[in-house]
Amino acid sequence: MLFLQREGKMGCWYSRLEREEMVSRCKARKRYMKQFVKARHAFAAAHSMYIRSLRNNGSALLQFATAETSLHHHNPLPPPPQQLPNNPLPPPFSPMSWTTTTPSSAIRPPPPPPPPPASTWDFWDPFMPTTTRRSEDEEEEWETTTATASEAPVTPIITRAAPPSATTATATTTASSELAVVVSTKGKDLVEIIKELDDYFLQAANAGGPLSALLEVPVSNFNRQSSLGKDNGFGKSLSPLHWSWGSGSAKWNAFGKFCEDPIGNTVHLAPNGNATHCSTVERLYAWEKKLFLEVKNAESLKLEHEKRVAALRKLEMKNADYIKTEKAKKEVEKLESQMTVAVQAIETTSIEIIKLRESELHPQLLQLVKGFMGMWRSMYEFHQVQTHIVQQLKYLNCIPSVEPTSEIHRQSTLQLELEAQQWHLSFCSLIKAQREYIQSLTGWLRLSLFQVGNNPINKTKQDSAIYSLCEEWQLAINNAPDKVASEGIKSFLSVIHAIVVQQAEEQKQKRRSESVFKELEKKAGELRSLESKHGPSQTYGDTSKDPVREKRAKVEALRSKAEDEKAKYEKSISVTRAMTMNNLQMGLPHVFQAMTGFANVCTQAFESVNNQTKSSGHLHNVKMILP
């Protein structure tokens, strides 16, 4: 029959169920690629924000340390407390000039610095034996203690182990990178130690530069200014950020020249002449949209062909009018010609997608894996040096200061808390964005390796290689111990927040003390006016009705209250100064140990992915992707 002849001419067609599955698969492919386009954009943005947060945290820490150290550099000997006379007006209140201290015996010593939290990640901390780690319950208890530390008066421990001599230094060589870590333990102040940390924050941020170029992150211009907008030498990172986003539009010009691909998409070329990752991904998405429309069109033609063939069969069985039958045959032949063109279009588009996938996307993914491997290796080395640097904090022998927290210092503390929050947020966003990036890509690859069209191209070695690469990458990022690292940053944020809370309590106590002294000044003035009018004392028949004596008693009671509030304020200042140093000594080592361990794991993971990719290039067996 004609139908069978036509079918033989067209080749072997899938059943309706299979054809509907083909449309559904192409729709899913397009959806995955759309997600991949968005994920690439989010990934680049998250990477940029993480690099920026590293810079800003170093700068904020240095600005904070500079403000804190200035309070310790102005610590004169306290003069004897003034005794207010009974009658004269008390001297003007100036809490900033107070230097009277409370006896040290009235202040409880601080809690000992806690060891790092427990974790099933046994190799995350290269410097602490596993036997010293606390349980998860103890970590929760410590976070609670830190958050409420402002309620417990503490003071720094004055007696410390004598620091090594000025010529003494510690040296550590890491096995993986053979990086010699030499950290001098001679006497340094807080600013000098944090200055070293800031330098390595910058180096860690710079380690992400090569990967930034591959991801085409927003272009930034980091002016070395403080958060106050002035170059005070506090840090090198807090600065305005100027954005220049890359997208599929012609606005993207950071990588030079453009050209057009066969379907009219802009091709962005990197300085080396190769297409950029952004351009490749967005052109793949354009081809996937084209493929989906072509498959839908082919399916529509096929359904119409079936309908026309059925009608023709009925006419032939009924021996219908010759002209009518011939007209029906012509319609069937026309549909078959259109179907042939549609199938060829599908195959052409599929070939273009495969070409882009293998000639551009696969090499770009290999570069990204190498970029991550290099970035995390460098960050591991720099965070490890930072871990050693902060060990110097334990050699600080600070004299208890009674200088109140200045407004500049309070603002620098709030800025540090803000940057620590951004560090935590940007780290979590970076891991999340990378997972979504590789998941959407792996999902698209899983479906795109099913060929569509009349003559499926045999799966190649490259098909298996790119899928294996992404599968290993996805496994590596899914198994990354990011929760341990994020909790390390979060614990640092907690100790900074505790300082913020204590500084607020100090300010609150200052206002309370000022209020009482102003009231004392007012009442003492009233007493003086009363005495000038009635004399120092006036006796009536009933001595209990003596207004001068009553006023004097009230003034004395208020004076006693003012002295109590003054003592509380002085004690609050001491608590703030002690908590600040204590929290830095506890929080900084913990966060850098956590980041060192995480960077070490990521380095090994991406090295493994890279090595497996190299070895797979020498294999002859092809990994089959089953439907």
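These lines cover the structure that appears in this document, whether it is placed above or below. (Residues numbered from 1 in each chain as written. Predicted model: local features only at pLDDT ≥ 70, side-chain atom pairs only at ≥ 80, totals over all residues. Heavy atoms only, no water.)

The next thing to look at is the overall build of the chain. A tally of helices and strands in the chain yields 11 helices and four strands. For the chain, the proportion of its 627 residues judged to be buried stands at 49%. For the chain, long-range pairs separated by at least 24 residues make up 82% of all intrachain contacts whose partners lie at least 6 apart in sequence. Accessible surface computed for the chain: about 30,400 Å², of which carbon and sulfur atoms make up 55%. (Helix = DSSP H or I, 4+ residues; strand = E, 2+ residues; numbered from the N terminus. Buried < 20%, exposed > 50% of the residue type's maximum accessible area, 1.4 Å probe, protein only. Contact = heavy atoms within 4.5 Å. Areas by Shrake-Rupley, 256 points an atom, 1.4 Å probe, with all protein chains shown as cover.)

Within the structure shown, the criterion is met by 22 salt bridges. The salt bridge involving Glu-607 is made with Arg-377; its shortest N-O contact spans 3.2 Å. You can see Glu-607 sitting in helix α11 (residues 547-616) and its partner Arg-377 sitting in helix α7 (residues 322-390), a full 230 residues away along the chain. Close ionic contact of Lys-551 with Glu-526 constitutes a salt bridge, the shortest N to O distance being 3.0 Å. In this pair, Lys-551 is assigned in helix α11 and Glu-526 in helix α10 (residues 482-534), connecting sequence segments 25 residues apart. Classification of Glu-526 by relative accessible area gives partly exposed; the value is 30%. Three or more residues joined by partner-sharing salt bridges are found here, namely Glu-519, Lys-523, Glu-526 and Lys-551. (Salt bridge = Lys/Arg side-chain N within 4 Å of Asp/Glu carboxyl O.)

In a regular helix each residue adds 1.5 Å, so 17 residues correspond to 24 Å; helix α4 (residues 190-206) covers 24 Å between its end C-alpha atoms and thus fits that length. Among the residues of α4, those classed as buried are Leu-190, Ile-193, Ile-194, Leu-197, Asp-198, Phe-201, Leu-202, Ala-204 and Ala-205. Regarding α4, its N-cap is Asp-189, as a side-chain oxygen of that residue lies 3.2 Å from the backbone nitrogen of Val-191 further along. (Expected span 1.5 Å × (residues − 1). Polar contact = N/O pair within 3.5 Å; in protein donor to acceptor, adjacent residues only side chain to side chain.)

As a further point, take the nonpolar core. Judged by nonpolar contacts, the single largest core of 102 residues is most densely connected at Leu-365, Met-379, Trp-423, Phe-492 and Leu-588. Looking at this core element by element, the count peaks at 20 residues for α7. Counting nine residues, the second-largest nonpolar core is a separate cluster that includes Leu-520, Ala-524, Leu-527 and Val-555. (Core = buried A, V, L, I, M, F, W, Y, C linked by side-chain atoms within 4.5 Å.)

By the element assignment, Ser-401 lies in the loop between α7 and α8 (407-448). Taking C-alpha positions, Ser-401 is 6.5 Å from Arg-577, a pair spaced 176 residues apart along the chain.

Bringing the side chain of Glu-294 into the picture now. Note that Glu-294 resides in helix α6 (residues 277-317). Classification of Glu-294 by relative accessible area gives buried; the value is 12%. Here the side chain of Glu-294 touches Lys-290 through a polar contact of 2.4 Å, side chain to side chain. Setting aside its immediate chain neighbours within four residues, Glu-294 contacts Ala-345, Ile-346 and Thr-349.

A separate point is the environment of Ala-204. Locating Ala-204 in the fold gives a position in helix α4. On the basis of relative accessibility, which here comes to 0%, the residue Ala-204 falls in the buried class. Counting along the chain gives 172 residues from Ala-204 to Trp-376, while the straight-line C-alpha distance between them is 9.0 Å. With sequence-adjacent residues up to four places away left out, Ala-204 is seen in contact with Leu-54, Met-379, Phe-382 and His-383.

This brings us to α7. Between its first and last C-alpha atoms α7 spans 96 Å; for 69 residues at 1.5 Å apiece the expected length is 102 Å, and the two agree. Of all bends in α7, the biggest is about 35 degrees, found at Leu-361, and the proline Pro-363 comes one to four residues later. Measuring from the side-chain oxygen of the N-cap residue of α7 to the backbone nitrogen of Ile-323 gives 3.2 Å; that N-cap residue is Asp-321. (Bend = angle between axes of the 7 residues up to and from the residue.)

This part is about the packing of α6 against α7. Remark: α6 packs on α7, axes separated minimally by 8 Å, with the N-to-C direction vectors making an angle of 160 degrees. The orientation of α6 relative to α7 falls into the category roughly antiparallel. At the point where α6 passes α7, the crossing takes the left-handed sense. When the residues that make up the contact of α6 with α7 are grouped by side-chain class, the tally is 20 nonpolar, nine polar and 15 charged. (Axes fitted to C-alpha atoms, helices over the stretch in contact; angles between N-to-C directions. Parallel < 35°, antiparallel > 145°, perpendicular 65-115°, else oblique. Left-handed = near helix turned anticlockwise from the far one by under 90°. Nonpolar A, V, L, I, M, F, W, Y, C, P; charged D, E, K, R; others polar.)

Moving on, we get to the packing of α4 against α7. Look at α4 against α7: their axes get within 9 Å of each other, and the N-to-C directions meet at 175 degrees. Relative to α7, the element α4 lies roughly antiparallel. Contacts between α4 and α7 pair Ile-193, Glu-196, Leu-197, Tyr-200, Phe-201, Gln-203 and Ala-204 from the former with Met-379, Phe-382, His-383, Val-385, Gln-386, Ile-389 and Val-390 from the latter. By residue class, the composition of the contact of α4 with α7 is 10 nonpolar, three polar and one charged.

Before going further, it helps to examine the packing of aromatic side chains. We describe a pair of aromatic rings using the distance from one ring centre to the other and the angle between the two ring planes. For the structure shown, the criterion picks out 14 aromatic pairs. With 5.6 Å between their ring centres and 80 degrees between their planes, Phe-201 and Trp-423 make a pair best called edge-to-face. Taken together, the residues Phe-201 in helix α4 and Trp-423 in helix α8 connect sequence positions 222 residues apart. We note that Phe-201, like Trp-423, is buried. Between Phe-427 and Phe-598, the aromatic rings sit 5.1 Å apart at their centres with planes inclined by 75 degrees, giving edge-to-face as the arrangement. Linking Phe-427 in helix α8 with Phe-598 in helix α11, this pair joins segments that are 171 residues apart in sequence. Taken together through their ring pairs, the aromatic side chains of Phe-36, Phe-43, Phe-372, Tyr-437, Trp-473 and Phe-606 make up a single cluster. (Phe/Tyr/Trp six-rings, centres within 6.5 Å; stacked < 30°, edge-to-face > 60°.)

This next bit is on unusual backbone geometry. Of note, the phi angle at Asn-319 is positive, near 50 degrees, even though the residue is not glycine. With respect to the helices and strands, Asn-319 occurs in the loop between α6 and α7.

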